[in-house]
Amino acid sequence: MPSVIYAPAYRKYSFGDEHPFSPVRTDMVLDLLGALGHRVETVEPEPATREDLLDVHEDAYVCRVEKLSAGAPVPDGQEYGLGTQDTPSFPGMDEAARWLVGGTLHGARLISEGRERRVLQLGGGLHHARRSVASGFCIYNDLAIAINSLTRNGLKVAYLDIDVHHGDGVQQILYEDPRVLTVSLHESGKYLFPGTGEIRELGSGAGRGLKLNLPLEPFTEGESYLEVLEQVTPAALRHFRPDVLVVQAGADAHFDDPLSDLMLTTRDYEAIFRRILAWADDFTAGRVLFTLGGGYSFRAAPRVWAILYLVMHDLPVVRDLPESWRKKWNGALDPKLPETFHDPNPSHADISNRYEIAHRNRQVAERLLDLTRQYWFQK
Amino acid sequence: MLVRDIMRSPAVAISADTMLQDAYRTMQERGIRHLPVVEGEKLVGVITDRDLRLATSALAPSPFPPGSRVSEVMTREPLTAEASDPVEDAARTMRERKIGCLPILDDGRVIGIVTGLDLLDALIRMTGVDKPSGRLEVRLPDHPGELARLTGFLSHRDLNVHSILTYPDGPDSVRTVLRIGSMEIRLLAEELRRAGFDVLWPPEKPCPR
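The present account deals with the structure reproduced in this document. (Residues numbered from 1 in each chain as written. Chains lettered and ligands numbered in written order. Predicted model: local features only at pLDDT ≥ 70, side-chain atom pairs only at ≥ 80, totals over all residues.)

Quick look at the overall build of chain B now. Within chain B, the regular secondary structure consists of 7 helices and 11 strands. Taken over C-alpha atoms, the radius of gyration comes to 24 Å for chain B, far larger than the 17 Å a tight globule of 209 residues would show. Structurally, chain B occupies a C-alpha span of about 75 × 45 × 35 Å along its principal axes. Within chain B, contacts between residues at least 6 apart in sequence are counted, and of these 60% link residues at least 24 apart. (Helix = DSSP H or I, 4+ residues; strand = E, 2+ residues; numbered from the N terminus. Rg over C-alpha atoms; globule rule 2.2 N^0.38 Å. Contact = placed C-beta atoms within 7 Å.)

Pasting the structure below:
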């Protein structure tokens, strides 16, 4: 049985009711699974310690988060990305963020201690946070901290980031690390935040050739997404031979996401999750740690993450969403929650240039593999 | 952006009595294709790898031998620019006259050089991203105050603009491309549309069925 990590204190990571990164999304996942009749047993982690944070973050940065968290003024906060439109400060933010880090770290420890193979952390995935800059809703980088904990225990880590935004913080922190492969699929930075994630960003020093980026065309659909995912990921895993997968499972590449432009459906997500679990079986003896991430559609993200839970537990995805759940959460949603678990087929209007988009994505994937091969096979 | 921000300084220069073979070796060793030619401190010409190749080519009616002097082959009285010139002026000169470099002069003395590659670097810098940001593209009427209306809209929402590029789009409009430090450009685009702006990126998504 996979371990599911969650603490009610995760709810404190909230930038206010109007902010897209809402804890309500996780509430909806847990409630949906309950309404389907699944008893979700969760493991409660400890919040990360200050020491845990300093593994990745600068002391000066942590100090500023702590001050803002306590309600004290920090005149140079903006220089650290704090108190911005995207990442506003709020009372208790330090503790709230440490809970999320603690959860991901706990998942890493379960795996490195050999106590668990499949772990689902129902939170975290704060992949934009830098060593000393908050960015894109992310304060502390739970992923980099957990990955470091795994490598310190002698495990080689393959990090796969399917959030629609480039995993820039994780990549930057681990850019020279030869024990970590990173693969990020995202909407091209030419258009979307944060702007990075080009194929030429390949890592530096001993990490050269181990940081992979697949920037995708706006309006990429699932078929093309799965094709390039398949083109690149198994090849990279075969070369790198990791001991564990860490997956940032952002749900914001869904077509209903309000912040970005990819067109995945819930069926595409189910296929992606099944492929990742198969790769874990093939390459890492089943060891895989999933976190959540972006995903700002209340109609889509809870269903995507419930599917992740179900697939990880080898449970079926039923046809209809429970009426009680829809009633409870419809609230002010417009449009309302769908009646079925999966998106209808077809789910959205035709993308007129879908073949051109798929062609360009294929070419980017080929160029990426060409670039990496010279590093993979030089010895 | 001024020429001084993108020029290579100091420039590698040679004297007019240098032999072609030595000029060629200098280019090879330094990995460059353009050399200002000086007499004392005074600029008298420019010689490029193309000049050398054409002058010494076996296909030329009477090829110059390797020991010839640079002064016999160089372009005399070359076009130049000053460090305080805008980059776009330098680019226009090079494009119109179809030349690959401009020596940069200060009081008649060569203090640097700008080549086509330096202009490409400038383009990359002007359009590039070095801070986490998303893209917003708006078509504005080519009237006074329109850009201010747009940036005012952004500043009221406490949004930081990291870069802004504006160019003519039609007879009465300009296209403005901004990089803004925010994840929420799509939501911003909706607000801008409601306020009457012609937002080109991000476009509206194909509607769900």
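And the narrative resumes.
This part is about the interface of chain B and chain A. Frequently, the measure chosen for interface size is the accessible area removed from exposure when the parts meet. Facing the 22 residues of chain B at the interface are 28 residues of chain A. At the level of secondary structure, the elements contributing two or more residues to the side of chain B that touches chain A comprise β8 (134–141) and α7 (185–194) of chain B. When residues of the side of chain B that touches chain A are assigned to their parent elements, the largest contribution, 3 residues, is made by α7(B). Partitioned by chemical class, the residues of the side of chain B that touches chain A number 11 nonpolar, 3 polar and 8 charged. (Nonpolar A, V, L, I, M, F, W, Y, C, P; charged D, E, K, R; others polar.)

Below, the discussion takes up the packing of helix α4 (residues 93–112) of chain A against helix α5 (residues 142–152) of chain A. All names here are of chain A. Direction vectors running N to C along α4 and α5 enclose 25°, while the axes themselves pass 8 Å from each other. By the angle between their axes, α4 is roughly parallel relative to α5. The way α4 lies across α5 gives a crossing that is right-handed. Across the interface between the two elements, Leu100, Val101, Thr104, Leu105, Gly107, Ala108, Arg109 and Ser112 of α4 pack against Asp142, Leu143, Ile145, Ala146, Ser149 and Leu150 of α5. Tallied by class, residues from the contact of α4 with α5 come to 8 nonpolar, 4 polar and 2 charged. (Axes fitted to C-alpha atoms, helices over the stretch in contact; angles between N-to-C directions. Parallel < 35°, antiparallel > 145°, perpendicular 65-115°, else oblique. Left-handed = near helix turned anticlockwise from the far one by under 90°.)

What follows is about the pairing of strand β7 (residues 244–248) of chain A. Residue and element names in this part refer to chain A. Among the 5 residues that make up β7, 5 are buried, leaving the element largely enclosed by the rest of the structure. Neither face of β7 is left uncovered, since the one carrying Val244, Val246 and Gln248 and the one carrying Leu245 and Val247 both have all their residues buried. Two strands pair when backbone bridges link them, and β7 and strand β8 (residues 288–291) are joined in this way by 4 bridges, in the parallel orientation. Bridged to Gln248 within β8 is Thr291. (Buried ≥ 20, exposed ≤ 12 C-beta atoms within 10 Å, placed from the backbone. Pairing = 2+ DSSP bridges.)

A few words now on unusual backbone geometry. In this chain, Phe193(A) is followed by Pro194(A) through a cis amide linkage whose omega measures -5°. As for its placement among the helices and strands, Pro194(A) is situated in the loop between β5 (180–187) and β6 (211–216). Pro202(B) follows Trp201(B) through a cis peptide bond whose omega is -5°. Tracing the backbone shows Pro202(B) in the segment after β11 (198–201).

The subject of this paragraph is the nonpolar core. Counting residues in hydrophobic clusters, the biggest one holds 130 residues, and the most contacted among them are Ile147(A), Tyr159(A), Leu245(A), Val246(A), Ile276(A) and Leu308(A). Among residues more than four places away in sequence, those in contact with Ile147(A) are Val157(A), Tyr159(A), Leu174(A), Val180(A) and Val246(A). Met7(B), Cys101(B), Val110(B) and Ile113(B) belong to the second largest nonpolar core, which has 23 residues in total. (Core = buried A, V, L, I, M, F, W, Y, C linked by C-beta atoms within 7 Å.)

With that out of the way, let us pick up the sheet that holds strand β3 (residues 118–121) of chain A. Two pairing modes exist for strands in a sheet, parallel and antiparallel, and in both the strands are linked by backbone hydrogen bonds. Residues and elements named next belong to chain A. Taken together, 8 strands build an open sheet; the order of strands is β2-β1-β3-β8-β7-β4-β5-β6 and the sheet is parallel. Of all the strands in the sheet, just β2 (42–43) and β6 have a single pairing partner and so form its edges. Strands β1 (3–5), β3, β7 and β8 of the sheet are contacted by α4, whose axis makes an angle of about 175° with β3. Running over the sheet, helix α8 (residues 266–283) touches β4 (157–161), β7 and β8 and is turned about 165° from β7.

Attention now goes to the sheet that holds β11(B). Residues and elements named next belong to chain B. Strands sit in the order β9-β10-β8-β11 across an open sheet of 4 strands; the sheet is antiparallel. With partners counted over all chains shown, the strands left at the sheet margins are β9 (161–170) and β11, one partner each. When the angles between neighbouring strand axes are averaged without regard to direction, this sheet yields 25°. Of the pairings in the sheet, the one linking β8 to strand β10 (residues 173–180) comprises 8 bridges and is antiparallel in character. The residue bridging Arg135 from the neighbouring strand is Arg179, located in β10. Contacts between helix α6 (residues 146–156) and the sheet are confined to β8, β9 and β10, with β8 contributing the most and set at about 145° to the helix.

These results come straight from atomic positions and should not be treated as a statement about function.
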